[in-house]
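# Summary of the model geometry
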Amino acid sequence: MSTVVAQAQHIFGLRGRVANNLFFFDEQIIIFPCGNHCVKYNVDQKWQKFIPGSEKSQGMLALAISPNRRYLAISETVQDKATITIYELSSVPCRKRKVLSNFDFTVQKFVSMAFSPDSKYLVAQTGPPESNLIYWMWEKQKVMAIIRTDTQNNPIYQVSFNPQDNTQICVTGNGVFKLFRYAEGALKQTNFQRGEPQNYLSHTWISEDRIIVGTDTGKLFLFESGDQRWETSIVCKEATSETSKKLEVVQESESLIEFPAPSSPDMSSEQLFVEKNESQNLMPQVSAIAPYSKGFACSAGLGRVLLYEKMEEKDAYRESREIRIPVDHNSNDPSQSDKQEILCMCFSPSEETLIVSTSRNQLYSITMSLTEISKGEPAHFEFLMYPLHSAPITGLAACIRKPLIATCSLDRSVRIWNYETNNLELYKEYQEEAYTVSLHPSGHFIVVGFADKLRIMNLLINDIRSFKEFPIRGCRECAFSNGGHLFAAVNGNVIYIYTSTSLENISNLKGHTGKIKSVVWNLDDSKLISCGTDGAVYEWNLSSGKRETECVLKSCSYNCVGISPDSKIIFAVGSDQTLKEIADSSVLREVSAFDVTYTAVVISHSGRMVFVGTSMGTIRSMKYPLPLHKEFNEYQAHAGPVTKMAITFDDQFLLTSAEDGCLITWKVYDKDGRGVKREREVGFAEEVLVTKTDMEEKAQIMLELKTRVEELKMENEYQLRLKDMNYTEKIKELTDKFIQEMESLKTKNQVLRTEKEKQEASHNNYVEDLLEKQSRELQDIECCNNQKLLLEYEKYQELQLKSQRMQEEYEKQLRDNEETKSQALEELTEYYEAKLHEKASLLEEAQDDARQQLREFEETKKQIEEDEDREIQDIKTKYEKKLRDEKEANLRLKGETGIMRKKFSSLQKEIEERSTDIEALKGEQMKLQGVIKALEKDIQGLKREIQERDETIQDKERRIYDLKKKNQELEKFKFVLDYKIKELKKQIEPRENEIKAMKEQIQEPPTWRSPQLLGF
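Given the structure is predicted, the values throughout are model-derived calculations rather than measurements.

## Examining the overall build of the chain
- Along the chain, the regular secondary structure elements total 6 helices and 57 strands.
- Relative to the 2.2 N^0.38 estimate, which gives 31 Å for 1016 residues, the radius of gyration of the chain is 52 Å and therefore markedly larger than a compact globule would have.
- Oriented by its inertia axes, the alpha-carbon framework of the chain measures out at about 240 × 130 × 65 Å.
- Evaluated residue by residue, the chain yields a buried proportion of 41% over its 1016 residues.
- Within the chain, counting contacts between residues at least 6 apart in sequence, those at least 24 apart form 49% of the total.
- For the chain, the accessible area works out to roughly 60600 Å², and carbon and sulfur atoms hold 52% of it.
- Side chains of the chain carry 138 positive and 161 negative charges; the gap between the two charge centres is 9 Å.

Below you can see the structure in the form of structure tokens.
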């Protein structure tokens, strides 16, 4: 393994299209997916911890957290195989508890999951075409039950457990609302759908037997034990202009630069088309529902959440409050910036905070107490962290003098991040898509390549402002030199070199025959290295503008290139799944990528570390010199191919971005500890750019505010003096009033005291009279009682004597009764013995009669049995004959059944073969659709290129036409000149003849002439 280690430090992004992608772990920590990680983010302290996805994962599909917040289940596709991984959140770091991957049933992907109330069971729903619901005892990896929830290939959106019952499950989807109960080892449906089926997008349990369900037409249903109890329709409302004017989002930053009011980014072209189609649909979709103690919250169309509270009298709910995603006034289209589909929402454990995730990969939150303050007006969400990219990141750059990262994306935005404070510093949207970005080493300027032009812009304190545009359409690569005095921009297969000071084009580097994919400067900016789809890697000399070295491999389409700090070694990666080490126009070494394609490469400034990004979204770190074998560390990073990588000037942080719209910062260190830590000689700069007009405006505003403050002070002092005067007068009036009341109360008090004394005297007299009366009455009662007591004692003596006499009489009577009793007993004994003899004789006679009747009964019984035996024999023969006939018929039917079974089995085999053929064809169809989409993207790119080339051809044709016109004029001029030349020749010809004659005359020998003739 490599000694170079990269540890994820912070992730900027969110994966929106993951089912159930937002949870509260506790009051401060939330969990959400980002790249190929699940992030635990502390909202207060702003730190992040990571749960990496599975190795060779193709992306997360769904999440589920257990009710006790101990376990997290992640549904993934690993090497085209559906997998569920369960992590233990309580351990630090989070560790894998179970992996569910080997199944006895067919499954392509798990689209939704849920834990049981006691966290012992897990239920998962597979996608079409199988659409099975699986009920697991997950700790033992035991499938308890499995059932098919839909037979018409309709999508299933959500499954959930009854919060009070481990055995009851709810499933919702397009035309599907089913309740299942686990009993006797199987899942059985307990409800039957009535009425017209709806597209049920979401649901939640609000009690043990009640479920709220939302549809794509804005309807809410309350079901109790599977029966509908309540229904309502959500009315689609538009935010009023006054409300949007009142809404102002203010966000303060502790860093050196402030970014403007946060806004939601635009979508890419495909996503924007989808959003527009959705906005045309007037029906508000209920795509998410979350319960809380007073009722429930639900999404109500694009950018809107409604809170419903339970009505005390009726068994129904009423709409209580409305919450909206804020309108972004800095967006290109503010009216559409809040039109975001809400995918997931959840309340904090104390129900103090509500957070939501949207289709544009944004996270919003609101404090519930704020919703109660807004009377009648809808409340508004705020960004939970900062605005995030919502489309693939196409450009990434870092600078030297500041801890800043610049990114651009197909969402038409440029963002400046701070990797020290992990915050968004600046952010701006544009009309065109941004393809590439480069940050000046000072951190004050950026170059951005847009679809229409290349722009160089200033990074101001609160804005990104363009100050020069270059007519380079569709620039896909640009790069500032290490010194910052030059920058390179790519247009197709040509590299333009500009100066950063005068912004002049000093050189054009031509030589590539295909699109240039990457350019990089060497350390002293004397050379520029480029690679492209034509399989060429060129090293350019900037002073001469010519190629110094070249390495061409037609079979490889290069993606990225890098250079060592000593400028001797070039590293290149491309479609041939290798990392090449190039020097002096030849490939020194090729290191295999082991069945993945490298999409990006970066080399540390120390020259000892090499990092590569793959098409699977992973990051690999390796030591230089490059290893021959599989000696590297691989880290799960992104959920899409890595698009760009960069390393900070001090080699402390690695920066990666990908097509999933996420930016990750990695802390880099070497286990050997050599050459990684590079101490900074100068700290990061704190200077920022401010325009003169901005400063003057701020100075003017400050002056106006100061004068306003002075005016307010004077006004306040005057008001205070007036109030003091008013209050002194009021105090004086109140003191006079209180003094008068005190005097009146004193007189009242004196009167009451005299009355009290009189009352006390009369009361004392009354009490004395009562005491005397009581003592007299007591003496009289005692005398009476004594007399009564004597009389009662005398009566008692008499009654005692009477009782003695009665006792003696009763004893005498008792003796007499005993004597009479013995005589009566003897008489009765004699009587009953005589009666007993009589009854015994009667009994003997009755027994003789019974024996005679028994003999008669036996005789009749015997005769009846003989008759029955004869009848049974007849019936037996009859039914035996019938049985033989039935057996023969049964044998014939068995033969026919065997033949039918053979036919059935052969037909079954044919059906299975056809189903496998259908599945294979479906897979091929999906692959072909992917190829078609990729080819459509290539066609669009080629169309744009053809359009650009057509424009250049038209320019050239216009130039040729102008030149032809000029040529025609010149030909006319030539014709005129030819004519003039002919005329001049005609004029010159006689003179030439004369000259010729004279020359001949001169050449003739001289003749003697007379002196007269000679002039003498």
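## Things to note about the sheet that holds strand E32 (residues 404–409)
- The antiparallel open sheet is built from 4 strands, whose spatial order is E31-E32-E33-E34. Only two strands of the sheet have a single neighbouring strand rather than two, namely strand E31 (393–398) and strand E34 (423–429). Direction aside, neighbouring strands of the sheet carry axes that sit 15° apart on average.
- Strand direction decides the pairing type here: strand E33 (residues 413–418) and E34, joined by 6 bridges, are antiparallel. What sits directly across from Asn-418, in E34, is Asn-423.

## Quick notes on the environment of Gln-787
- Mapped onto the elements of the fold, Gln-787 is located in helix H5 (residues 692–1003).
- Separated by 716 residues in sequence, Gln-787 and Tyr-71 place their C-alpha atoms 94 Å apart.

## Notes on H5
- Compared with the 466 Å implied by 1.5 Å per residue over 312 residues, the 91 Å span of H5 between its first and last C-alpha is markedly short.
- The largest bend in H5 is about 30°, located at Ile-988, with the proline Pro-990 one to four residues further on.

## Topic: a nonpolar patch on the surface
- Taken together, the side chains of Tyr-766, Val-767, Leu-770 and Leu-771 present a nonpolar region at the surface, about 380 Å² in accessible area.
- Within the secondary structure, Val-767 sits in helix H5.

## Points about the nonpolar core
- Phe-32, Met-385, Trp-417, Phe-611, Met-645, Leu-654 and Trp-666 are the most contacted members of the largest nonpolar core, which has 49 residues in total.
- For this core, the element with the most residues is strand E1 (residues 4–12), which contributes 6 residues.
- Each residue touching Leu-654, except ones within four places of it in the same chain, is listed here: Val-602, Phe-611, Ile-619, Met-645, Ala-646, Ile-664, Thr-665, Trp-666 and Val-668.

## Observations concerning a negative patch on the surface
- On the surface, Glu-858, Glu-859, Glu-865, Glu-866, Glu-868, Asp-869, Glu-871 and Asp-874 cluster together to form a negatively charged patch.
- Checked against the element boundaries, Glu-858 lands in helix H5.

## Things to note about the confidence of the model for the chain
- Here the chain shows a mean pLDDT of 86. Residues at 70 or above account for 92%.
- For residues 239–281, every residue scores under 50 in pLDDT, and the model assigns this stretch 102 contacts once sequence neighbours within four places are set aside.
- In this model residues 1008–1016 is a low-confidence stretch, pLDDT under 50, and it forms 2 contacts with partners more than four residues away in sequence or in other chains.

## Observations regarding the sheet that holds strand E46 (residues 546–552)
- Strand order in the open sheet formed by 4 strands is E43-E44-E45-E46, with antiparallel pairing between adjacent strands. The sheet terminates laterally at strand E43 (516–521) and E46, the two strands that pair on one side only. Each adjacent strand pair in this sheet contributes to an overall mean axis angle of 20°, direction not counted.
- The sheet contact formed by E43 and strand E44 (residues 527–532) spans 5 bridges and is antiparallel. In the strand pairing of E44, Val-519 is matched with Ser-530.

## Comments concerning the packing of aromatic side chains
- Scanning the model with the defined rule gives 35 aromatic pairs in all.
- With a centroid separation of 5.3 Å and an interplanar angle of 15°, the aromatic rings of Tyr-121 and Tyr-135 are classed as stacked. Within this pair, whereas Tyr-121 is found in strand E11 (residues 121–126), its partner Tyr-135 is found in strand E12 (residues 132–137), the two being separated by 14 residues in sequence.
- For Tyr-135, a relative accessible area of 1% translates into the label buried.
- Ring geometry for Phe-594 against Phe-632: centres 6.1 Å apart, planes inclined by 40°, an arrangement best described as tilted. Residue Phe-594 is found in the loop between strand E50 (586–592) and strand E51 (598–603), and its partner Phe-632 is found in the loop between strand E53 (619–623) and strand E54 (633–635); the two are separated by 38 residues along the sequence.
- Using a relative accessible area of 33% as the deciding quantity, one classes Phe-594 as partly exposed.
- By the ring-pair criterion, three or more aromatic residues cluster together here, those being Phe-103, Phe-105, Phe-110 and Trp-136.
- Sitting above the plane of the Phe-25 ring, Lys-40 keeps its charged end 4.4 Å from the centroid.
- When the ring centre of Tyr-538 is taken as reference, the NZ or CZ atom of Arg-547 above it lies at 4.4 Å.

## Side note on the pattern of salt bridges
- With the rule as written, the count across this model stands at 35 salt bridges.
- Ionic pairing is found between Glu-322 and Arg-324, a salt bridge with its closest N-O pair at 3.0 Å.
- The salt bridge involving Asp-452 is made with Arg-455; its shortest N-O contact spans 3.4 Å.
- Its relative accessible area of 21% is what places Asp-452 among the partly exposed residues.

## Digging into the pairing of strand E14 (residues 156–162)
- Counted residue by residue, E14 has 5 buried out of 7 residues, so it is predominantly covered.
- The sheet contact formed by E14 and strand E15 (residues 165–173) spans 6 bridges and is antiparallel. Within E15, the residue paired with Gln-158 across the bridge is Thr-172.
- Here E14 folds back onto E15 in antiparallel fashion, the turn holding 2 residues.

## Observations regarding the environment of Cys-556
- Mapping Cys-556 onto the fold places it in the loop between E46 and strand E47 (558–563).
- Among the residues examined, Cys-556 registers a relative accessible area of 1% and is labelled buried.
- Expressed as a C-alpha distance, the spacing of Cys-556 and Val-976, which sit 420 residues apart in the sequence, is 60 Å.
- In contact with Cys-556, other than residues within four places in its own chain, are Thr-533, Asp-534, Gly-535, Gly-574, Ser-575, Asp-576 and Lys-580.

Criteria and thresholds
- Residues numbered from 1 in each chain as written.
- Predicted model: local features only at pLDDT ≥ 70, side-chain atom pairs only at ≥ 80, totals over all residues.
- Heavy atoms only, no water.
- Helix = DSSP H or I, 4+ residues; strand = E, 2+ residues; numbered from the N terminus.
- Rg over C-alpha atoms; globule rule 2.2 N^0.38 Å.
- Buried < 20%, exposed > 50% of the residue type's maximum accessible area, 1.4 Å probe, protein only.
- Contact = heavy atoms within 4.5 Å.
- Areas by Shrake-Rupley, 256 points an atom, 1.4 Å probe, with all protein chains shown as cover.
- Lys, Arg positive; Asp, Glu negative; His and termini not counted.
- Charge placed at Lys NZ, Arg CZ, Asp CG, Glu CD.
- Pairing = 2+ DSSP bridges.
- Axes fitted to C-alpha atoms, helices over the stretch in contact; angles between N-to-C directions.
- Expected span 1.5 Å × (residues − 1).
- Bend = angle between axes of the 7 residues up to and from the residue.
- Patch = residues over 30% accessible without salt bridge, like charges linked within 9 Å, V, L, I, M, F, W, Y side chains within 5 Å.
- Salt bridge = Lys/Arg side-chain N within 4 Å of Asp/Glu carboxyl O.
- Core = buried A, V, L, I, M, F, W, Y, C linked by side-chain atoms within 4.5 Å.
- pLDDT = per-residue confidence, 0-100.
- Phe/Tyr/Trp six-rings, centres within 6.5 Å; stacked < 30°, edge-to-face > 60°.
- Lys NZ or Arg CZ within 6 Å of the ring centre and 35° of its normal.

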